[in-house]
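# Architecture at a glance
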Amino acid sequence: VRAFRNYAMLLAERARWTELSSLARDKVTRAPWDYLGWMTLGLARHRLGDVQGAIVAFDTAMVYISDEEYD
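### So, the overall build of the protein chain
For the protein chain, the count of helices and strands is 5 helices and 0 strands. Order of helices (α) and strands (β) in the protein chain, N terminus to C terminus: α-α-α-α-α. Taking 2.2 N^0.38 as the reference for a compact globule, 71 residues should give roughly 11 Å; the C-alpha atoms of the protein chain span a radius of gyration of 11 Å, in line with that estimate. Seen along its three principal axes, the alpha-carbon backbone of the protein chain occupies a region of about 30 × 30 × 25 Å. Looking at the 71 residues of the protein chain, the share that counts as buried comes to 37%.

### Things to note about the pattern of salt bridges
Side chains carrying opposite charge are able to pair once their charged atoms draw close together. Taken as a whole and judged by the stated rule, the model has 3 salt bridges. With its nearest N and O atoms 3.0 Å apart, the salt bridge here joins Arg 30 to Asp 26. Remark: Asp 26 and Arg 30 occur in helix H2 (residues 17-30); sequence separation between them is 4 residues, near one turn of the helix. By relative accessible area, Arg 30 is classed as exposed at 54%. For Asp 26, a relative accessible area of 39% puts it in the partly exposed group. Residue Lys 27 pairs with Asp 34 through a salt bridge whose shortest N-O separation is 3.3 Å. Side by side, Lys 27 and Asp 34 carry an identical accessibility label, which is buried.

### Structural notes on a nonpolar patch on the surface
Taken together, Trp 33, Val 63 and Tyr 64 make up a surface patch of nonpolar side chains, about 380 Å² in accessible area. In this structure, Tyr 64 sits in helix H4 (residues 51-64).

### Digging into the packing of aromatic side chains
The geometry of an aromatic ring pair comes down to the distance between the two centres and the angle between the two planes. Tallied over the full model, the rule gives 0 aromatic pairs. Its end group placed over the ring of Phe 4, Lys 27 keeps NZ or CZ at 5.2 Å from the ring centre.

### Observations regarding unusual backbone geometry
The phi dihedral of Ala 15 is positive, around 55°, even though this residue is not glycine. Tracing the backbone through its elements, the reader meets Ala 15 in the loop between helix H1 (2-13) and H2. Among the residues examined, Ala 15 registers a relative accessible area of 45% and is labelled partly exposed.

Procedures and definitions
Residues numbered from 1 in each chain as written. Predicted model: local features only at pLDDT ≥ 70, side-chain atom pairs only at ≥ 80, totals over all residues. Heavy atoms only, no water. Helix = DSSP H or I, 4+ residues; strand = E, 2+ residues; numbered from the N terminus. Rg over C-alpha atoms; globule rule 2.2 N^0.38 Å. Buried < 20%, exposed > 50% of the residue type's maximum accessible area, 1.4 Å probe, protein only. Salt bridge = Lys/Arg side-chain N within 4 Å of Asp/Glu carboxyl O. Patch = residues over 30% accessible without salt bridge, like charges linked within 9 Å, V, L, I, M, F, W, Y side chains within 5 Å. Areas by Shrake-Rupley, 256 points an atom, 1.4 Å probe, with all protein chains shown as cover. Phe/Tyr/Trp six-rings, centres within 6.5 Å; stacked < 30°, edge-to-face > 60°. Lys NZ or Arg CZ within 6 Å of the ring centre and 35° of its normal.

Take a look at the structure:
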């Protein structure tokens, strides 16, 4: 989790949205219950101009996020 989070933040800070999208797609393929992977995918898709894809990713993230993380 920590490595994914740090690498995702690095890619986002450098505006490397295509790479971030690939990283997040791989993450949610391996762990479809991981809300952070879905949030990351939503951010990347939004920045790449894929609004519908971003909405789907963010909605999916909200299904898997715990109450504690949501708060």
